[in-house]
Amino acid sequence: MMQTEELSASWPVFDEKLKTFHRLLTTKAAIGQTPKELVWTLNKAKLYRYIPVVAPEARHRVPLLLIFALMNRPTIMDLRPGHSFVEYMVGKGYDVFLLDWGTPGPEDKDLKFDDYALDYMPRAIRKMQMVSGSSEFSLLGWCIGAILTTIYASMRPQDGLRNLLLLTAPLDFSDRQQLTFARWTDERYFDVDQLLATFGNMPGEMIDYGSKALKPVENYVTNYIRLWDNLDNPRAVESWHAMHTWVKDIFPMAGGAYRQLIVDLYRNNRLMKGELKIRGELVDLKRLRANLLTVIAEGDHLTPPCQSETILPQVGSTDAEIYRVRGGHIGIMAGSGAHKQTWPHIDGWLGARSH
Amino acid sequence: MAADNGTSAPVDPFESFRALRDVYLENMSKVMINAVNSEEYAQVTGAMLNSSLTLSAPFREALDKAMLAALQQLSIPSRQQVVNLAEQLTNLEMRLDDMDAKLDRIAALFSATRSPVAEASPPVSRPSAAAAKSSRRAGARKV
């Protein structure tokens with residue numbers, strides 16, 4: 001039975017833990033800290049170039065453009081100093097650019113994959129080529145960014161794309177049994193047109209709920225209990241705070257793009273079937289001839305491995321590789337083991353193809 | 001519980017329940033993952049969403065009409081008018097970006113052809129071009 005004196009002595013510790021817990025939930029961590037400069041803007045999109053830290057003669061000749069999803073901040077690629085993919089690649093001598101899609105407003109509700117892949121990306125790439133002085137470039141697409149980069153690479157293969165990296169790419173929607181999102185957005189249950197007619201853009205809160213509801217107990221309960229248990233571990237706290245800051249930064253997805261994601265991809269798998277039309281033209285994956293690295297997260301519940309495994313036979317690339325890594329959708333790039341597995345593999349693969 | 005040196009170690013009131021808590025959460029997690037993966041869950045959540053959108057539609061339409069009428073009376077632009085203006089601005093921005101790219105190409109061509117000429121004649125200063133370039137929205141800004 002606990003003594004009164006022991007409880008009194010424990011109270012300050014408990015109180016301190018409560019205050020730390022509250023601070024972590026109510027403040028933002030400093031993320032996206034690697035120095036960069038803004039080199040181009042269009043509407044809400046911004047192209048950043050990260051300040052090189054390696055001497056010009058030691059840098060890779062071919063610049064690298066990072067493209068993330070449409071409904072989350074790309075700062076996940078530059079989460080915190082000392083544990084940032086961007087910082088790592090800049091340190092390895094790459095000329096790194098990042099395309100931030102920004103937050104769509106009501107005026108952007110009709111933006112589709114067509115606009116992102118054939119208007120925004122070519123213009124950003126054009127600027128990158130001018131700034132970097134290299135006509136050839138590498139593209140890294142993660143999550144929805146992988147869909148956009150795949151479409152771009154298939155439709156504009158002559159623009160100078162040399163290397164294409166796809167991370168947790170949701171490309172193949174044929175195995176509906178493994179895709180919970182496909183079940184939720186089935187046309188019998190989910191009226192996407194009514195939803196978009198009401199809101200214009202797909203609300204960020206609904207996207208956030210959808211991704212968290214795949215593992216509700218982990219995301220809404222265990223996540224916070226794990227934090228409480230590790231409040232005495234400064235590294236764990238810092239890591240949690242940074243990730244939480246990124247997760248909480250939600251915003252809408254352009255309605256047109258969301259509709260394409262649901263109707264063309266989740267319901268009809270048009271990209272893999274060769275039926276996806278972008279600006280009236282069929283997306284032919286055989287025209288994608290860039291060197292290709294597909295990174296699959298074996299524990300990914302958002303984009304199961306089956307969605308990325310079948311891309312290789314579909315494309316025209318002769319130099320193509322699948323790299324499987326243990327981890328989740330975000331964890332393979334932002335988790336504690338990323339710097340030991342995913343990042344070095346990307347560097348090794350890309351470095352050999354960036355001269 | 002007092003330590004041997006006589007001082008009290010901090011007591012975690014949840015320590016005795018931690019193992020039980022973790023087992024409970026693990027089992028609940030599996031139950032909930034199975035539940036959200038079911039057709040019934042998809043059906044119910046879809047029905048709830050569709051119902052709420054359908055039921056709220058008349059109120060939203062009435063509110064939109066009333067708001068539009070009020071804004072017109074006050075000579076204040078409506079949301080749709082602002083959206084239209086924003087779309088026009090984006091189109092204008094695209095055209096400016098294309099012009100910017102053409103200027104870059106011209107500047108690059110000019111630099112490439114200028115080198116042998118520069119040795120024979122003094123350099124031509126282009127303050128207006130430089131000033132325009134530095135004030136251009138797409139100019140590099142450290143962040």
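The rules we used
Residues numbered from 1 in each chain as written. Chains lettered and ligands numbered in written order. Predicted model: local features only at pLDDT ≥ 70, side-chain atom pairs only at ≥ 80, totals over all residues. Heavy atoms only, no water. Axes fitted to C-alpha atoms, helices over the stretch in contact; angles between N-to-C directions. Helix = DSSP H or I, 4+ residues; strand = E, 2+ residues; numbered from the N terminus. Parallel < 35°, antiparallel > 145°, perpendicular 65-115°, else oblique. Left-handed = near helix turned anticlockwise from the far one by under 90°. Contact = heavy atoms within 4.5 Å. Nonpolar A, V, L, I, M, F, W, Y, C, P; charged D, E, K, R; others polar. Buried area = accessible area lost by both parts, 1.4 Å probe. Salt bridge = Lys/Arg side-chain N within 4 Å of Asp/Glu carboxyl O. Polar contact = N/O pair within 3.5 Å; in protein donor to acceptor, adjacent residues only side chain to side chain. Buried < 20%, exposed > 50% of the residue type's maximum accessible area, 1.4 Å probe, protein only.

*Asks:* It is not clear to me how the packing of helix α8 (residues 216-229) of chain A against helix α1 (residues 18-36) of chain B should be interpreted in this structure. Could you clarify?
*Replies:* To describe two helices that pack against each other, one gives the angle between their axes and the distance between the axes. Interaxial distance between α8(A) and α1(B) falls to 9 Å at its minimum, and their mutual angle equals 160°. The orientation of α8(A) with respect to α1(B), classified from their angle, is roughly antiparallel. Classified by chirality, the crossing of α1(B) by α8(A) is left-handed. Taken together, the residues of α1(B) that come into contact with α8(A) (itself represented by A:P216, A:V217, A:E218, A:V221, A:T222, A:I225 and A:D229) are B:R18, B:R21, B:L25, B:M28, B:S29, B:M32, B:I33 and B:V36. The class makeup of the residues in the contact of α8(A) with α1(B) is 9 nonpolar, 2 polar and 4 charged.

*Asks:* Just checking my understanding: could you explain unusual backbone geometry for this structure?
*Replies:* Residue and element names in this part refer to chain A. Here the phi dihedral of C143 falls at roughly 60°; this positive angle occurs in a residue that is not glycine. A positive phi angle, near 50°, is found at N269, a position not held by glycine. Tracing the backbone shows N269 in the loop between α10 (255-267) and α11 (270-273).

*Asks:* Explain the interface of chain B and chain A here, please?
*Replies:* One frequent convention defines the size of an interface as the accessible area lost when the parts assemble. Contacts between the two partners involve 49 residues from chain B and, on the opposite side, 47 residues from chain A. At the boundary of chain B with chain A, total buried surface from both sides reaches about 4,200 Å², with 56% on carbon and sulfur atoms. Taken together, the links from chain B to chain A amount to 10 salt bridges. The residue A:D229 makes a salt bridge to B:R18 at a minimum N-O spacing of 3.5 Å. One can count 16 residue pairs in polar contact (both at pLDDT 80 or more) joining chain B with chain A. Listed by contribution, the elements that provide at least two residues to the side of chain B that touches chain A are α1, α2 (39-73), α3 (79-118) and β1 (141-142) of chain B. Looking at the side of chain B that touches chain A element by element, the count peaks at 13 residues for α3(B). Residue classes in the side of chain B that touches chain A are distributed as 24 nonpolar, 10 polar and 15 charged.

*Asks:* I'm lost on helix α6 (residues 192-199) of chain A in this one. Help?
*Replies:* Each α-helix winds once per 3.6 residues, and so residues spaced three or four apart point in a common direction. Of the residues making up α6(A), those classed as buried are A:V192, A:Q194, A:L195 and A:L196. Residues of α6(A) that are buried make contact with α7 (204-213) and α10 of chain A together with α2 of chain B. Structurally, the start of α6(A) carries an N-cap: the backbone nitrogen of A:D193 is 3.3 Å from a side-chain oxygen of A:D191. Once α6(A) ends, the next one or two residues include A:G200, with phi positive near 85°.

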